[in-house]
Amino acid sequence: MVLLRLLALSLFHVCLVGCQPNSSQQASSPPGEQSPLGTDKLSFPWSRLRLPRYIIPLHYRLLLHPNLTSLSFTGSVQIQIDVQNNTNWVVLHSKGLQIFNATILNQNLAHLSDQVLPVLHNPQHEQIGIFSPRVLSSGQKYFLYIEFGAELVEGFYGFYKSTYKTSTGETRILASTHFEPTSARMAFPCFDEPIFKANFSLRIRRSQEYISLSNMPIVKTVEVNNDLLEDRFAASVKMSTYLVAFVVCDFKSVTATTSSGVQVSIYAAPEKWSQTHYALEVAVKMLDFYEEYFNIRYPLPKQDLIAIPDFQSGAMENWGLTTYRETSLLFDPLTSSVSDKLWVTMVIGHELAHQWFGNLVTMEWWNDIWLNEGFARYMEYISVEATYPDLKVEEYLLHTCFAAVGHDSLNSSRPMSSPAENPTQIKEMFDTVSYDKGACVLHMLRHFLTDDVFQSGIVRYLRKYSFKNARNQDLWDSLANTCSEEDFISGKHCYSSGQATKNAYLFAGEHLDLTAMMNTWTLQKGIPLVTVTRKGPRLLLRQDRFLRTVLPSDPLWPTLQKGFLWHIPLTYKTDASSTIHRHLMTTHTDSIHIGEEISWVKVNTDMTGYYVVHYEDDGWDEMTKLLRENHTALSYKDRTHLIHNAFQLVTAGHLPINKALDLIGYLQYETHTVPLIQGLGYLEAFYRMIEKRNEPELTHNLGMYILRFFRAVIDQQTWSDSGSVSERRLRSEVISLACHLDDPPCLERAHQSFKDWLQSNGTLNLPTDVAETVYSVGAQDDHGWTSLLHTYNVSLSAAQKYKILFALTCSRDTSKLERLLELGLEGTVIRSQDLSSLILMVARNPRGHHLAWSFVEKNWDTLVKKFQLGSFCIRNILIGTTGQFSSPEELAEVRLFFESIKEQTSQLRATQIALDNVQKNVRWIQRNLETLRNWVNEQMK
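What counts, and where the lines are drawn
Residues numbered from 1 in each chain as written. Predicted model: local features only at pLDDT ≥ 70, side-chain atom pairs only at ≥ 80, totals over all residues. Heavy atoms only, no water. Helix = DSSP H or I, 4+ residues; strand = E, 2+ residues; numbered from the N terminus. Rg over C-alpha atoms; globule rule 2.2 N^0.38 Å. Buried < 20%, exposed > 50% of the residue type's maximum accessible area, 1.4 Å probe, protein only. Contact = heavy atoms within 4.5 Å. Areas by Shrake-Rupley, 256 points an atom, 1.4 Å probe, with all protein chains shown as cover. Lys, Arg positive; Asp, Glu negative; His and termini not counted. Charge placed at Lys NZ, Arg CZ, Asp CG, Glu CD. Axes fitted to C-alpha atoms, helices over the stretch in contact; angles between N-to-C directions. Parallel < 35°, antiparallel > 145°, perpendicular 65-115°, else oblique. Left-handed = near helix turned anticlockwise from the far one by under 90°. Nonpolar A, V, L, I, M, F, W, Y, C, P; charged D, E, K, R; others polar. Expected span 1.5 Å × (residues − 1). Polar contact = N/O pair within 3.5 Å; in protein donor to acceptor, adjacent residues only side chain to side chain. 1 Å grid on protein atoms, 1.4 Å probe; cavity = no way out; pocket = protein on both sides within 12 Å on 5 of 7 lines; lining within 4 Å. Points joined across faces, edges and corners; volume = space filled by probe spheres on them. Pairing = 2+ DSSP bridges. Salt bridge = Lys/Arg side-chain N within 4 Å of Asp/Glu carboxyl O. Phe/Tyr/Trp six-rings, centres within 6.5 Å; stacked < 30°, edge-to-face > 60°. Lys NZ or Arg CZ within 6 Å of the ring centre and 35° of its normal.

> Outline the overall build of the chain, listing residues and values.
Looking only at helices and strands, one finds 32 helices and 32 strands in the chain. Against the globule reference of 30 Å for 941 residues, the chain gives a C-alpha radius of gyration of 29 Å, in line with a compact fold. With the principal axes as the frame, the chain shows a C-alpha extent of 90 × 75 × 55 Å. A burial count over the chain gives 63% of its 941 residues as buried. Once local pairs closer than 6 in sequence are excluded, the contacts in the chain between residues at least 24 apart make up 72%. Here the chain displays about 34200 Å² of accessible surface, and carbon together with sulfur accounts for 49% of that area. Each charge sign in the chain was given a centre, from 86 positive and 99 negative side chains, and these centres are 2 Å apart.

Following this line, the structure appears as structure tokens:
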């Protein structure tokens, strides 16, 4: 599953669902159902959250009949089960389903009992227990047959209702599914855990004006009665329940075939059909690439990609039927920007990588979800770089790792592999740590082992565990080429452990224990800080845990450092040569001989390693001097990495802010967009925090300084869509900030463009790279704002709607911001799927950041009901609305609210992350505000 993109910051967020209801633990039968066997004499047979392992599902035969008029569905499922212990009970998952009846049959399909079987419910664990009066014998196979029904869900999970409007204003209805992680149980009774892989044969009934789609192709359609058809799908490959999917809709498609014969189709609402062609081109290229890279054929005959109008996350990797938010799949050349194009390409790359990583090989349990999501996030970069090199996707990988560092340097972070048992805890695993840190640790490992060894190791892993489940350790074993004697003799997957020593992990002349190394990255939380000191010919190294919330002078510091040690694959470059030197640091302190004649050393070359570097003594002054005198001696990635590390060290209290600001002074000579955007981004972040405080003079002076410092870059920008991807990305960022800082030439140009657009009645196509800025400036007066809201209502381009929504939230009129929030809550004009983005957009506005927080406090229960506790949407609402708070009073207010909802949030990490963030901001202001004020005043002289 891919996370949802939020704002121009390209923060990725995901919204998952299916948290535990606060219902009684007491087992009960459905109301009004009488059982001759008397359920009152039976108690629920199973007390654990996870299902018993002694009943294994083999094959589901599922019939579903959704009624898009009554918005309900009925169904039946026959599950072939393999019983491995004598038992009278079958326990499986069911949530929100009405069970009409249940029977158990033997292998000859004869009923084991002539009585209605009792079905007990344990709603707190989302389980049902079916009692068989005759013992189910170990070693035998049986068929479990259940008839059930439910309403189509109002929401984004299980089997749910979605709608879209045609250009004539008619509302059309469709039904779609989203099951990951724990919501298949809302659509049919099942063994809803990743380890219970099975085959699925689906039949879906529908009326003639609709089509139905599922994981596999339709093999036959039969007429049930006059207006009712039944689509019968081919049996699936063996897979986990969370990957099952089905959609009933009236969409149109475009189709092509890969070089190996896989049929690829893109589905969308009929009037958006013209926006599907780019996705088709990408999907075909990506499938071809992955088949070659993984050296494993895609195992299904088709791959459908469908844009669902109501979809909470970015996309979902259901095998053979990947589902997407419209902004993640549809590309309109007239209104989609180059960033939108990159986003669509990366999301498709992510979901198609999952067809191997996640679908073919699945983690045993959700504690290792990073094996799915970290790999898919990293493969986005590998696949897009290979298939669309002009998109320069490698420039974005640094930002993925910077996002991971930001999260991982808070004490409220977690290890990549963490315990998770109930649905809320499982949903919380879909976070920055699983996706971004997972990708960055894999990036480090790939560079450490070399590309070829990394690739052959993951191919071995995928081959060995195809159609099975795997754990952390299995990946390390595959990458290390070790295997059991039996595997070695069969010769299928690996070499002997003796052969392994001759392969990848001769590193710095030593034999490497890959498991020991990788456990330091996956089983402990946080990120290391490597402090570097020059002492004669030697480089002295020290590693600590990098924390941005606690200073070394804090009494808590020793406790928070205790027990942390990483095996760090260090890389460094010096002025003596272009060689990348390597050293594996496995102790708290270490040293390297570099020689007396070296004038500078840069550690963590191109930030291939997941660690922060601090140059002690006058080390940062040397880096500042190098950048001013000869910045191209370092790669653009190294320059960007220095900027990032310097400002992170300011927040952590290791470096004064004026040193970091002096470091970016060289940017007036910088021509590469990535370090430019990084430096500009920090200045913008300071500005946005200070403009939300009562600091009018500093706000004005800092804004003037930014405009003056970046004047040449601002003036170079054209209001067009010309240039390379990098140039276009810089244009969007620079023009947006210039207008936000009230730069007169920028505002004048934007006003004129908006006026021209209004006069054309929306038929003029604005350059896509600057459209959002033009709309934002135009939204400042009543007529412009109202016109934009009207366009938002009627636009058929999801990309354009997103830009307009952002512009609407830039209004300085708080009554308009309140109206937007109410429209988002109501969910008709602004869809519920966009509410969490909307709240964060309003919070970004200095006139809206307290407004957004008050809205969250007031509507908390409604928001939890819409998005589910533990979901990424709730986490982002909590962290995003408080993220710019920087005063002790705001911290106290947030604490007070969290205290009032602690019954719900006691199991959430998000509240602690939000508090850590606000605390970090409060300390940042206390330590740096006066220094920043003096530095800015000095620059303005």
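Moving on from the model shown.
> Got a sec to walk through the packing of helix α9 (residues 472–479) against helix α12 (residues 514–522)? Specific residues and values, please.
At a closest axis distance of 10 Å, the pairing of α9 and α12 adopts a crossing angle of 140°. Here α9 is positioned oblique relative to α12, judged by the angle of their axes. In this structure, the crossing between α9 and α12 has a hand that is right-handed. Two secondary-structure elements touch here, α9 through Asn472, Gln473, Trp476, Asp477 and Leu479 and α12 through Leu514, Thr515, Met518, Asn519 and Thr522. Classifying every residue of the contact of α9 with α12 by side-chain character gives four nonpolar, five polar and one charged.

> Could you give an account of helix α23 (residues 782–794), naming the residues involved and the relevant values?
If you check α23, its first and last C-alpha atoms are 19 Å apart, about what 13 residues at 1.5 Å a residue would give, namely 18 Å. Among the residues of α23, those classed as buried are Gly784, Trp785, Ser787, Leu788, Leu789, Thr791 and Tyr792. Lining the buried residues of α23 we find α21 (744–759), α22 (771–778), α24 (798–808) and α25 (814–826). Capping of α23 at its N-terminal end is provided by aspartate 781; its side-chain oxygen lies 3.1 Å from the backbone amide nitrogen of histidine 783.

> Hey, could you go over unusual backbone geometry for me, with residue numbers and the actual values?
The peptide bond linking glutamate 180 to proline 181 adopts the cis configuration, its omega dihedral lying at 5°. Locating proline 181 in the fold gives a position in the loop between β11 (171–178) and β12 (199–207). Unlike most non-glycine residues, leucine 71 shows phi in positive territory, near 55°. Within the secondary structure layout, leucine 71 lies in the loop between β3 (55–67) and β4 (72–83). Given a relative accessible area of 22%, leucine 71 falls into the partly exposed group. One non-glycine residue, asparagine 295, lies in positive phi territory at about 55°.

> Tell me what's going on with empty space enclosed by the protein, and back it up with residues and numbers.
Empty pockets left among the atoms are what a rolling probe the size of a water molecule brings to light. Per the counting criterion, the structure on display carries five cavities of 30 Å³ or more. In this structure, the largest cavity is lined by 16 residues; those nearest its centre are Leu49, His93, Arg185, Trp365 and Glu421. A class-by-class count of the residues in the lining of the largest cavity yields five nonpolar, six polar and five charged. Around the second largest cavity, the lining residues are Leu680, Ile706, Leu707, Phe710, Ile714, Val734, Leu737, Ala738 and Leu741. If you list the elements that add at least two residues to the lining of the second largest cavity, you get α18 (696–709) and α20 (725–740). It is α20 that contributes the most residues to the lining of the second largest cavity, three residues altogether. Class assignment of the residues belonging to the lining of the second largest cavity gives a composition of nine nonpolar, no polar and no charged.

> Any chance you could break down the sheet that holds strand β21 (residues 321–325) for me, citing the residues and the numbers?
Within the open sheet, the five strands sit side by side as β17-β18-β19-β21-β20. Their pairing is mixed. The open sheet terminates on both sides in strands that have one partner only, identified here as β17 (252–257) and β20 (315–316). Here helix α1 (residues 277–294) sits on the sheet in contact with β17, β18 (263–268) and β19 (302–308), set at roughly 150° to β18. Where helix α3 (residues 338–354) meets the sheet, it contacts β19, β20 and β21, and its direction lies at approximately 150° from that of β21.

> Residue-level account of the sheet that holds strand β28 (residues 568–574), with values.
Spatially, three strands are ordered β29-β28-β31 in an open sheet, and the strand pairing comes out antiparallel. Sheet topology places β29 (581–585) and β31 (601–603) at the edges, where each strand pairs with a single neighbour. In this sheet, neighbouring strand axes are inclined to one another by 30° on average, regardless of whether the strands run parallel or antiparallel. Taken together, the five bridges between β28 and β29 define a ladder with antiparallel strand orientation. Across the sheet, the residue bridging to leucine 570 is histidine 583, located in β29.

> An account of the environment of histidine 354 is needed here, citing residue identities and associated values.
For histidine 354, the position within the fold is in helix α3. When its relative accessible area of 0% is taken as the criterion, histidine 354 is described as buried.

> Now, about the layout of surface pockets: what can you tell me, with residues and values included?
Within this model, the second largest pocket holds a volume of roughly 1300 Å³. Considering the residues around the second largest pocket, the lining is formed by 49 residues, among which Thr163, Asp310, Lys801, Thr828 and Arg831 are closest to the centre. Every element with two or more residues in the lining of the second largest pocket is listed here: β1 (4–6), β10 (158–165), α2 (326–329), α23, α24 and α28 (860–867). Residue classes in the lining of the second largest pocket are distributed as 13 nonpolar, 20 polar and 16 charged.

> Account for the pairing of strand β27 (residues 538–545), with residues named and values stated.
Relative to β27, strand β26 (residues 528–535) runs antiparallel, the two sharing eight bridges. Bridging from a neighbouring strand, threonine 533 pairs with leucine 540 of β27. Linking β26 back to β27 in an antiparallel pair, the connection comprises two residues, with glycine 536 at a positive phi of about 60°. Taken together, the five bridges between β27 and strand β30 (residues 589–593) define a ladder with antiparallel strand orientation. Looking at β30, one finds that leucine 540 is bridged to serine 591.

> I'd love a proper account of the pattern of salt bridges, names of residues and values included.
Enumeration according to the criterion identifies 45 salt bridges in this entry. Here aspartate 834 ties to arginine 325 by a salt bridge, and the two come within 2.9 Å at their closest N and O atoms. Residue aspartate 834 is located in the loop between α25 and α26 (835–844), and its partner arginine 325 is located in strand β21; the two are separated by 509 residues in the primary sequence. You can call aspartate 834 buried: its relative accessible area is 13%. Aspartate 721 is the partner of arginine 728 in a salt bridge, and the nearest nitrogen-oxygen pair spans 3.7 Å. Residue class for arginine 728 comes out buried when judged on its relative accessible area of 16%. Within the structure, one salt-bridge network assembled from shared partners comprises Lys95, Glu126, Arg185 and Asp192.

> Before we move on, could you go through the packing of aromatic side chains and cite the residues and values that matter?
Using the criterion set out here, one finds 48 aromatic pairs in the structure. Note on tyrosine 705 and tryptophan 935: the rings are 5.2 Å apart at their centroids and 85° apart in plane angle, and the pair reads as edge-to-face. Placement of tyrosine 705 in helix α18 and of tryptophan 935 in helix α32 (residues 910–940) is noted, with a sequence separation of 230 residues between them. For the residue pair tyrosine 705 and tryptophan 935, the accessibility class agrees, reading buried in each case. Counting every residue linked through ring pairs, the aromatic cluster contains Phe289, Tyr290, Tyr293, Phe294, Tyr298, Trp356, Phe357, Phe375, Tyr378, Phe454, Tyr461 and Tyr465. It is arginine 545 that lies over the ring of phenylalanine 564; its NZ or CZ is 4.6 Å from the centre. Sitting above the plane of the tyrosine 792 ring, lysine 801 keeps its charged end 4.4 Å from the centroid.

> How would you summarise the pairing of strand β32 (residues 612–615) if you had to cite specific residues and measurements?
Residue alternation in β32 divides its side chains into two sets, Val612 and His614 and Val613 and Tyr615, and both sets are buried. Both β26 and β32 contribute to a ladder of four bridges, which runs parallel. Across the sheet, threonine 531 pairs through a bridge with histidine 614, a residue of β32.

> Any chance you could break down the side chain of histidine 407 for me, citing the residues and the numbers?
Inspection of the secondary structure puts histidine 407 in helix α5 (residues 394–408). Its relative accessible area of 13% is what places histidine 407 among the buried residues. Excluding its chain neighbours within four sequence positions, the residues that come into contact with histidine 407 are Ser413, Thr432, Val433 and Ile913.

> Break down the environment of isoleucine 146 for me, citing the residues and quoting the values.
Positionally, isoleucine 146 belongs in strand β9 (residues 141–151). For the pair isoleucine 146 and phenylalanine 686, spaced 540 residues apart in sequence, the C-alpha to C-alpha distance is 59 Å. In contact with isoleucine 146, other than residues within four places in its own chain, are Gly75, Ser76, Val77, Leu92, Ile99, Asn101, Ala102, Ile130 and Pro189.

> I'd like a description of α20, backed by residues and values.
The first and last C-alpha atoms of α20 sit 23 Å apart over 16 residues, in line with the 22 Å expected at 1.5 Å per residue. Those residues of α20 that fall on the buried side of the exposure criterion are Val725, Ser726, Arg728, Arg729, Leu730, Arg731, Val734, Ile735, Leu737, Ala738 and Cys739. Backbone geometry just downstream of α20 places aspartate 742 in the positive-phi region, at approximately 60°.

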